[in-house]
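If you want the building blocks of each chain, they are given just below.
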Amino acid sequence: MFGCSSELARCSSQLTDAMLADKSLPTPFVCTNEEDFQRAAMSSIISELHLKYAAKTWNDTFQLVRRCMDTTRDNSKPCEPLVRALKRLQEVLNVSSMNVMRSRLEMIAKQHGMGFHFTEATCYLTADLFYLEVALLPCGGVEEVKVAPHGGAPVRSEAFLQLLKSKHFAGFSAKLKDLFTQYNIPGDNDVKFKLFAALQHLSKDLQEMCHLPRVANESCYQMDVVNNSILGCFIPGKEDCPLTLQFYSARADLKADPQVAQIAVCPSHVTHRLQIASVLPLPLQLDNQGYPVFTPWTDVPHETFPACFVLKLQPAIPIMVPFVDKISRITEVAIPNSDLQWAPFPHLLTGSDGQDNVFTLRLSGDAVHTYVFPGEAWDSPAHKGVMMDSVPFTHPVHVPNLVEVLRHQCVINTLLSSCTSPGPVSACDQHFEIRLETDTSFSVTFHRPHLDSLAVLLVDIPNSHQLACRLFGAGMDASLDGHVSDIMKRCMSVPLTLQALYIKMEDAPPPVSILAMAENEPSTSSCVLMEDLSAPKQEENLAASEHLNVSPSAAAANLCPVAPEGVVEPCLTNNGQQSELV
């Protein structure tokens, strides 16, 4: 009836711990500092609790936990051990009655700080600006779910209904959290209603901006809207759905969830002017860059509030220092440094905290790559970043520019993340070193096939829609630049691009002059080889070294000399056929 007995035993143990942790329950012993006496006293308490509650039904146990939650020492917050015990008990019990379903809904409501009450067969999960109405069946099933915003009539919600019918309580809780965030507006009731109206006017202006004409850049319509339209894919807020933007998705992975920003209102330490009417005149007028022209503040009804609009990023995005500065300049809303936890950028991408981040990836055809992010290169203040989960703003004019900055950072993150993998590394065939050159470019240093020399691939991402690659090295074929750029744009993966480049370079014979020099002087280093080039080639490689701030000899010294252990499979293309990239 109740599922696995071991699960119930664990729940009983958690409940006992919760009862012992709650000081509001009577304690028959006075603890001293003597360890043996404490152990004996604890054993006696547990035995008495087991005897007292052995004959109780699970329904009585639920009621006991609720009473303990209502009489804890801190009335503003339930006792955490009791909350965990009740949650665990609910997870292992089948929802086969109205009372059990009611208990699950009550627990979810309290987790999100919402009120809860019920009539005979209807439960109400309530907040200041909306409520959910859930009609239950005697068997514990759900007949109907309605959502009612402030001042509006209840509207049937098929999304919430299907989640409860399928007993997907985690999904129901997550969706309710998003909706609660949308309506969780700071201030007293008068301020709440005004800010809610401001959010609705913002939503209408953003929706109008989505109708601006544009030229499609990609064959997949949905992907094109998400990655190239002025705001991404705009999802207007409804009774059961928060206002959201989908603004980035890796082009090589159509199945991946897009980057999402939920638009809401949040409190602020300083006051800001917010619209209480539309600021977008109709018909729309565009400036010379194709952006809409807004009505000046002096001609628009507005009020000052201790709040601002916010893009809540789902999931949070690792953002580098220069991009944080760009965001602040766009919105003119200061982001307090105390709220930001800076870290070397590779640590944010991977979650590791080692001095050198070393990753090995196994590619198709049994090729194994090792990627090194040298600690000394990424530890400088300019190369640090922060995990950002929200971006404040005050005017709809900010949103297109914020979307572009966030997209730009996401493109860079996608390429850098393609070089990382969790877990240890094993013996590998080829080593690559990743260094950040500017805030919009990075370099990859590697050994060239057939030759004892190094080459550098410079990847430049000037904005979210452009990407260019350049190869530097002795006798490098300039025609490869366009080939490599096209591959990287298609797959958005550094390892796949370099694998295709290696295949191309192995098939092509090395320059005759360099081979002859290598045969005549077998001990000659790559630096000597580069010095012996013609004058134009010397100038080109000197400019490349100055631009990259790295010499081939320095890069060779920093390449990983010992192969680490472990192999991780990366995500390849949709069909896994690497040969198409060559």
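How each quantity is defined
Residues numbered from 1 in each chain as written. Predicted model: local features only at pLDDT ≥ 70, side-chain atom pairs only at ≥ 80, totals over all residues. Heavy atoms only, no water. Helix = DSSP H or I, 4+ residues; strand = E, 2+ residues; numbered from the N terminus. Buried < 20%, exposed > 50% of the residue type's maximum accessible area, 1.4 Å probe, protein only. Areas by Shrake-Rupley, 256 points an atom, 1.4 Å probe, with all protein chains shown as cover. Pairing = 2+ DSSP bridges. Contact = heavy atoms within 4.5 Å. Axes fitted to C-alpha atoms, helices over the stretch in contact; angles between N-to-C directions. Expected span 1.5 Å × (residues − 1). Core = buried A, V, L, I, M, F, W, Y, C linked by side-chain atoms within 4.5 Å. Parallel < 35°, antiparallel > 145°, perpendicular 65-115°, else oblique. Left-handed = near helix turned anticlockwise from the far one by under 90°. Nonpolar A, V, L, I, M, F, W, Y, C, P; charged D, E, K, R; others polar. Phe/Tyr/Trp six-rings, centres within 6.5 Å; stacked < 30°, edge-to-face > 60°. Salt bridge = Lys/Arg side-chain N within 4 Å of Asp/Glu carboxyl O.

**Quick word on the overall build of the protein**
Regarding its fold elements, the protein presents 19 helices and 17 strands. Residue burial in the protein is summarised as follows: out of 582 residues, 48% are buried. On the protein, roughly 28,200 Å² of surface is accessible, and the fraction owed to carbon and sulfur atoms is 53%.

**Quick word on unusual backbone geometry**
Note on backbone geometry: most residues besides glycine have negative phi, and most peptide bonds are trans. In this chain, L282 is followed by P283 through a cis amide linkage whose omega measures 0°. By the secondary structure assignment, P283 is in the loop between β8 (259-275) and β9 (302-320). The amide bond that connects Q314 to the next residue, P315, takes the cis arrangement and shows omega of -5°. One non-glycine residue with positive phi stands out, namely M492, at about 50°.

**Re the pairing of β9**
Looking at chain direction, β8 and β9 are connected through 12 bridges and run antiparallel. Paired with Q262 across the two strands is K312, which belongs to β9. Two strands pair when backbone bridges link them, and β9 and strand β13 (residues 384-393) are joined in this way by 8 bridges, in the antiparallel orientation. Considered in β13, the bridge of M320 is made with G385.

**A word on the sheet that holds strand β7 (residues 244-248)**
Taken together, 6 strands build an open sheet; the order of strands is β6-β7-β8-β9-β13-β10 and the sheet is antiparallel. Of all strands in the sheet, those bounded by a partner on one side alone are β6 (233-235) and β10 (343-344). Relative to β9, helix α10 (residues 321-331) is tilted by about 160°, and along the sheet it contacts β9 and β13. Here helix α13 (residues 398-417) sits on the sheet in contact with β7, β8, β9 and β13, set at roughly 15° to β9.

**Digging into helix α7 (residues 169-183)**
For α7, built from 15 residues, the straight-helix expectation of 21 Å at 1.5 Å per residue is met to within 8% by its first-to-last C-alpha distance of 21 Å. A large share of α7 lies buried, amounting to 11 of its 15 residues.

**Focus on the side chain of S249**
Considering the arrangement of structural elements, one finds S249 in the loop between β7 and β8. Among all residues touching S249, those that are not within four sequence positions of it are M223, V226, N227, A256 and P258.

**Details of the nonpolar core**
Of all hydrophobic cores here, the largest spans 114 residues; its most connected members are L105, L125, L132, F172, F442, F446 and L457. Counting residues per element, this core draws most heavily on α13, at 10 residues. Ignoring any residue separated from it by four or fewer positions in sequence, one finds F442 in contact with L415, L416, I434, R435, L436, E437, L457, L458, V459, I461 and V494. Listed in part, the 6 residues of the second largest apolar core include L363, A367, C491 and A500.

**Things to note about the packing of helix α6 (residues 158-165) against α7**
Where α6 contacts α7, the two axes come as close as 8 Å, and the packing angle between them is 150°. It follows that α6 is roughly antiparallel to α7 by the angle criterion. Considering the relative orientation of α6 and α7, their crossing is left-handed. Across the interface between the two elements, A159, F160, L163 and L164 from α6 touch F169, G171, F172, K175, L176 and L179 from α7. Per-class residue counts for the contact of α6 with α7 are 8 nonpolar, 1 polar and 1 charged.

**Quick look at the packing of aromatic side chains**
Per the stated rule, a full pass over the model turns up 12 aromatic pairs. On the numbers, 6.0 Å between centres and 80° between planes, the contact of F359 with F373 is edge-to-face. Linking F359 in strand β11 (residues 357-362) with F373 in strand β12 (residues 368-373), this pair joins segments that are 14 residues apart in sequence. The pair formed by F359 and F373 is uniform in burial state, with each residue classed as buried. Seen in terms of ring centroids, F432 and Y502 are 6.1 Å apart; in terms of plane orientation they differ by 80°. Their pairing is edge-to-face. One end of the pair, F432, is in strand β14 (residues 430-438); the other, Y502, is in helix α15 (residues 494-507), and 70 residues separate them in sequence.

**Section: the pattern of salt bridges**
In the structure shown here, the tally under the stated rule is 9 salt bridges. In this structure, R156 and E144 form a salt bridge, with 3.2 Å as the shortest nitrogen-oxygen distance. Of this pair, R156 sits in strand β5 (residues 155-156) while E144 sits in strand β4 (residues 142-149); the two residues are 12 residues apart in sequence, bridging distant segments of the chain. K194 is paired through a salt bridge with D190; the nearest N and O atoms lie 3.8 Å apart. Of the two residues, K194 and D190 both sit in helix α8 (residues 189-209), 4 residues apart, roughly one turn of that helix. Residue K194 is classed as partly exposed on the basis of its relative accessible area of 31%. Judged by its relative accessible area of 46%, D190 is partly exposed. Because the salt bridges share partners, they merge into one network encompassing E144, K146, R156 and E158.

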